[in-house]
Amino acid sequence: MDSSTCLELALEGERLCKAGDCRAGVAFFEAAIQTGTDDLRTLSAIYSQLGNAYFYLGEYDKAMEYHKLDLTVARTMGDRLGVAKASGNLGNTLKVMGKFKEAICCCERHLSISQELQDKVGEGRALYNLGNVYHAQGKHLGRIGPQEPGGFSDEVKHCLQKAVEYYAANLRLMEELNDRSAQGRACGNLGNTHYLLGNFTQAISYHNERLAIAKEFGDKAAERRAHSNLGNAHIFLGEFETAAEHYKKTLQLAQELGDRAVEAQACYSLGNTYTLLRDYPMAIHYHLRHLAIAEELTDKVGEGRACWSLGNAYSATNNNEKALHYATRHLEISKEIGDKTGQAAAQMNLSDIRKVLGLPPTATDSESSESAEDAKSRTRRKSMENMDLLKMTPDAKGVLRKYQSEDAGIGSMSSDDSHPVNGPSYNTSSRADKNASVNEESSMDDDSFFELLSRFQSKRMDDQRCTLSIDSNKENQPEQAQQQVPCHREGGSISSDGSTNGTTTPSDSGARMETPSQVPKINHDNCGVLEELMESIAGMQSRRMDEQRASLPQLPGLNNQHAILQRLSVAASDSTPLPDDNFFDMLMRCQGSRIEDQRSSLPNEGSLTHSAPTVPDDDFFSLIMRFQSGRLEDQRSTMPLEATRNSTHPTTDEEDPPSSAQSTGTKDGLVSRLVKGRK
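Residues numbered from 1 in each chain as written. Predicted model: local features only at pLDDT ≥ 70, side-chain atom pairs only at ≥ 80, totals over all residues. Heavy atoms only, no water.

Engineer: Can you break down the overall build of the protein residue by residue, with the values?
Structural biologist: Within the protein, the secondary structure is distributed over 26 helices and two strands. With 679 residues in all, the protein has 40% of them scored as buried. Put simply, 64% of the contacts in the protein that link residues at least 6 apart link residues at least 24 apart. Here the protein displays about 38,600 Å² of accessible surface, and carbon together with sulfur accounts for 51% of that area. (Helix = DSSP H or I, 4+ residues; strand = E, 2+ residues; numbered from the N terminus. Buried < 20%, exposed > 50% of the residue type's maximum accessible area, 1.4 Å probe, protein only. Contact = heavy atoms within 4.5 Å. Areas by Shrake-Rupley, 256 points an atom, 1.4 Å probe, with all protein chains shown as cover.)

Engineer: Quick one: what's the story with the pattern of salt bridges, residue by residue and with numbers?
Structural biologist: On inspection of all chains with the given rule, the structure shows 11 salt bridges. Where arginine 15 meets glutamate 12, a salt bridge forms, and the shortest distance between an N and an O atom there is 2.5 Å. Within this pair, arginine 15 and its partner glutamate 12 are both found in helix 1 (residues 3-18), separated by three residues, close to a single helical turn. The salt bridge involving arginine 23 is made with glutamate 59; its shortest N-O contact spans 2.9 Å. Of the two residues, arginine 23 is situated in helix 2 (residues 22-35) and glutamate 59 in the loop between helix 3 (40-56) and helix 4 (60-77); the sequence distance between them amounts to 36 residues. Taken together, the salt bridges that share partners define one network made up of Arg260, Glu263, Arg289 and Glu296. (Salt bridge = Lys/Arg side-chain N within 4 Å of Asp/Glu carboxyl O.)

Engineer: Before we move on, could you go through the nonpolar core and cite the residues and values that matter?
Structural biologist: Core analysis: the biggest nonpolar cluster contains 47 residues, and Leu127, Leu130, Val133, Tyr134, Leu160 and Tyr195 have the highest contact counts within it. Those elements that place two or more of their residues in this core are helix 4, helix 5 (80-96), helix 6 (100-116), helix 7 (120-141), helix 8 (154-177), helix 9 (180-196), helix 10 (200-217) and helix 11 (220-236). When sequence neighbours within four positions are dropped, the list of residues in contact with leucine 127 reads Leu111, Tyr166, Ala169, Asn170 and Leu173. (Core = buried A, V, L, I, M, F, W, Y, C linked by side-chain atoms within 4.5 Å.)

Engineer: Please set out unusual backbone geometry residue by residue, giving values where relevant.
Structural biologist: A positive phi angle, close to 55°, is found at asparagine 178, a residue other than glycine. Non-glycine residue threonine 298 carries a positive phi angle of around 50°. Here threonine 298 is to be found in the loop between helix 14 (280-296) and helix 15 (300-316). Residue classification places threonine 298 among the exposed positions, given a relative accessible area of 63%.

Engineer: Outline the packing of aromatic side chains, listing residues and values.
Structural biologist: Using the criterion set out here, one finds 11 aromatic pairs in the structure. Relative to tyrosine 60, the ring of phenylalanine 55 has its centre 5.5 Å away and its plane inclined at 65°; by these criteria the two rings are edge-to-face. Residue classification places phenylalanine 55 among the buried positions, given a relative accessible area of 16%. On the basis of relative accessibility, which here comes to 29%, the residue tyrosine 60 falls in the partly exposed class. Taken together, the aromatic side chains of Tyr47, Tyr54 and Tyr66 make up a single cluster linked through ring pairs. (Phe/Tyr/Trp six-rings, centres within 6.5 Å; stacked < 30°, edge-to-face > 60°.)

Engineer: Requested: an account of the packing of helix 12 (residues 240-257) against helix 13 (residues 260-276), with residues and values cited.
Structural biologist: Put simply, helix 12 and helix 13 touch, their axes get as near as 9 Å, and they point 160° apart. With respect to helix 13, the element helix 12 is oriented roughly antiparallel. The handedness of the crossing between helix 12 and helix 13 is left-handed. Two secondary-structure elements touch here, helix 12 through Phe240, Ala244, Tyr247, Lys248, Thr250, Leu251, Ala254 and Gln255 and helix 13 through Val262, Glu263, Ala266, Cys267, Ser269, Leu270, Thr273, Tyr274 and Leu276. Across the contact of helix 12 with helix 13, the residue classes break down as 11 nonpolar, four polar and two charged. (Axes fitted to C-alpha atoms, helices over the stretch in contact; angles between N-to-C directions. Parallel < 35°, antiparallel > 145°, perpendicular 65-115°, else oblique. Left-handed = near helix turned anticlockwise from the far one by under 90°. Nonpolar A, V, L, I, M, F, W, Y, C, P; charged D, E, K, R; others polar.)

Engineer: Provide a residue-level description of the packing of helix 14 against helix 15, including the pertinent values.
Structural biologist: Helix-helix packing: each pair is described by the crossing angle between the helix axes and the interaxial distance. Close contact between helix 14 and helix 15 brings their axes to 9 Å; oriented N to C, the two are set at 160°. With respect to their mutual orientation, helix 14 and helix 15 come out roughly antiparallel. Handedness of the helix 14/helix 15 crossing: left-handed. In contact with Tyr280, Ile284, His287, Leu288, His290, Leu291, Ala294 and Glu295 of helix 14, helix 15 contributes Gly302, Glu303, Ala306, Cys307, Ser309, Leu310, Ala313, Tyr314 and Ala316. Its residues assigned to classes, the contact of helix 14 with helix 15 shows 11 nonpolar, four polar and two charged.

Engineer: Explain helix 14 to me, using residue names and the numbers behind them.
Structural biologist: Look at helix 14: 24 Å from first C-alpha to last across 17 residues, which is about the 24 Å you get at 1.5 Å a residue. Along helix 14, the residues classified as buried are Tyr280, Ala283, Ile284, Tyr286, His287, His290, Leu291, Ile293 and Ala294. Threonine 298 sits one or two residues past helix 14 and shows a positive phi near 50°. (Expected span 1.5 Å × (residues − 1).)

Engineer: Which residues make up helix 6, and what values go with them?
Structural biologist: Helical geometry: 3.6 residues make up each α-helical turn, so side chains three or four residues apart lie on a common side. Here helix 6 is 17 residues long and its end C-alpha atoms lie 24 Å apart, about the 24 Å a rise of 1.5 Å per residue gives. Those residues of helix 6 lying buried are Phe100, Glu102, Ala103, Ile104, Cys105, Cys106, Cys107, His110, Leu111, Ile113 and Ser114. One or two residues past the end of helix 6 sits glutamine 118, with phi positive at roughly 55°.

Engineer: How would you sum up the side chain of glutamine 137? Please name residues and give values.
Structural biologist: Mapped onto the fold, glutamine 137 is located in helix 7. In this structure glutamine 137 touches Phe100, Ile104 and Cys159, once residues within four positions along its chain are discounted.

Engineer: Could you give an account of the side chain of serine 114, naming the residues involved and the relevant values?
Structural biologist: Among the structural elements, serine 114 can be located in helix 6. Here histidine 110 takes part through its backbone oxygen, which lies 2.8 Å from a polar atom of the side chain of serine 114. Setting aside anything within four residues of it in sequence, one finds serine 114 in contact with Ala84, Asp119, Gly122 and Glu123. (Polar contact = N/O pair within 3.5 Å; in protein donor to acceptor, adjacent residues only side chain to side chain.)

Engineer: Describe the confidence of the model for the protein, with residues and values.
Structural biologist: With 59% of its residues at a pLDDT of 70 or more, the protein shows a mean pLDDT of 74. Confidence drops under a pLDDT of 50 for residues 638-649, and excluding neighbours within four residues, the segment shows 33 contacts in the predicted structure. (pLDDT = per-residue confidence, 0-100.)

Engineer: Before we move on, can you summarise the environment of tyrosine 60 with the specific residues and values?
Structural biologist: Examined against the element boundaries, tyrosine 60 turns out to sit in helix 4. On a C-alpha basis, the gap between tyrosine 60 and leucine 94 in space is 8.2 Å, while along the polypeptide they are 34 residues apart. In contact with tyrosine 60, not counting residues within four places along its chain, are Phe55, Thr93, Val96 and Met97.

Engineer: Describe the environment of alanine 203, naming the residues involved and giving the relevant values.
Structural biologist: By the secondary structure assignment, alanine 203 is in helix 10. According to the relative accessible area criterion, alanine 203 is buried, its value standing at 0%. Taking the C-alpha atoms as reference points, alanine 203 and asparagine 229, separated by 26 residues in sequence, lie 8.7 Å from one another. Contacts of alanine 203, omitting those with residues within four sequence positions, involve Gly191, His194 and Tyr195.

Given below as structure tokens:
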């Protein structure tokens, strides 16, 4: 099979990927690589397409592997434009993998090369990608700490401000190029970022512009996202009527698109908005629609949210029987999915409703009242409840032996009687006093305990150390073949010859003479064991160094691997300047994230592992609870849990990445353009 076969397979793979069958396209690309080719440009196109296909399949490790190969080939050929595109693809892949520092390095390289080549389209993509990376990093860091829009930490705000800068630069460049579609995406992302920064008025302005551009192109999905984001922003401004209008348009567009999950989200948002407007009949209507769709899509999280909202709405209308029904369902669903916060809220609602109805408290209510005390008891370390075990430590045993010796000095104990035969008799109270004194002295303070712990831990370290042992028969030879040759010490060194050069002989060593059991018989072959040991250590260390060396690139699918070595040698022979400070700064940033990759995140027991396609976001659930807290507190006799009172923000509908974000976004793919160029 020749290079033409490889190209034909690659073209078929590209066609399948465009048709949406990326899995079959990957199979053809892999077959093309197995066939092999001598053309580096064809190989680069295949690598890029394979990386993009794996990216859309969600296999990001594979995508990064092939984008790195594409970058290597582009650098080998000296293709600056190819290096820029490969860097952009790597940046996108690293962003979704959560490696933001490396992603920023790749995207900045993409931007600098595009500006160097005066490639305006590539520059716009690089600016957009950099904005996406900083926006994603800000949202990632914002998961910890305050999560209400405008209330993030300075680190999160810095990332979001950087995202605004790059999105704004992308918008200005797209206006120069008169690319209305790209302008719409930039406006949408600017609106989302300003929303997170708490700039709701600016967010509304950009989302309105996004909505106008979406209507120009007849993009219903973009219109729906714009209306949803506008509703979220108006909620924070307290303009609930306007928010309800945008949510209604979101619901209408979701029905036109046939997206049941988004339709349920719109109903959920409308129900919550009408709850804020105190229009409970309308709120119940939309929450019932949300519940029906959640049951249809088997979304347990959505069912629980709908039941919780319905319970509150019916309670507000004094329909306590139905409120009790939905609160009970909420508790059952929360237990089923393991939602601890939902269980606490449901138990609290049930307790309040039962009091209003005059019903006796159930076992569930008693469990909820005792949960706080149980939580406090669980925080106490069980090991601290067994402090009496410290009496069995060596120090305590010494104290016991001390008192036992005093008892023995007073009189010996009879084997048949617990009282001493000679000496004064001990009554029960005196023995109790003695035991109390033993326990008092044996209960060590913290410093003594940690000193004892340190001493025992140091022994564990010593147990893990290895000792050098000299084997007199390394070659496993028969004992008859071994010839013992005595070795003498020369000033502390071992000599394999018989010379004594000022050494002390056994006759004049006097008291320093060692017994034969203390001096091992050393074989002639083992006299240089120290040198062999050092050589062995050096060999092992050198192998560790070799494992850290970078190997020459091996490109799968390239028939003539020697060609790339020639290109690399030519590139290395050119007079290139030494790396500057910027290079080392970039290297430190990339390497610094390796430490972060090794950190383990604390488990979040409150987070739900179940998907919730019919719920906009758990944050919006918490937001509504904050607005409803004033009304709910008037009806409660107990304080609500703090876990259900954290005010957070609803997640905005993100803009879809442009089709031109990857290097294959043009009408014709890389392989097709390569064939046309040859013609």
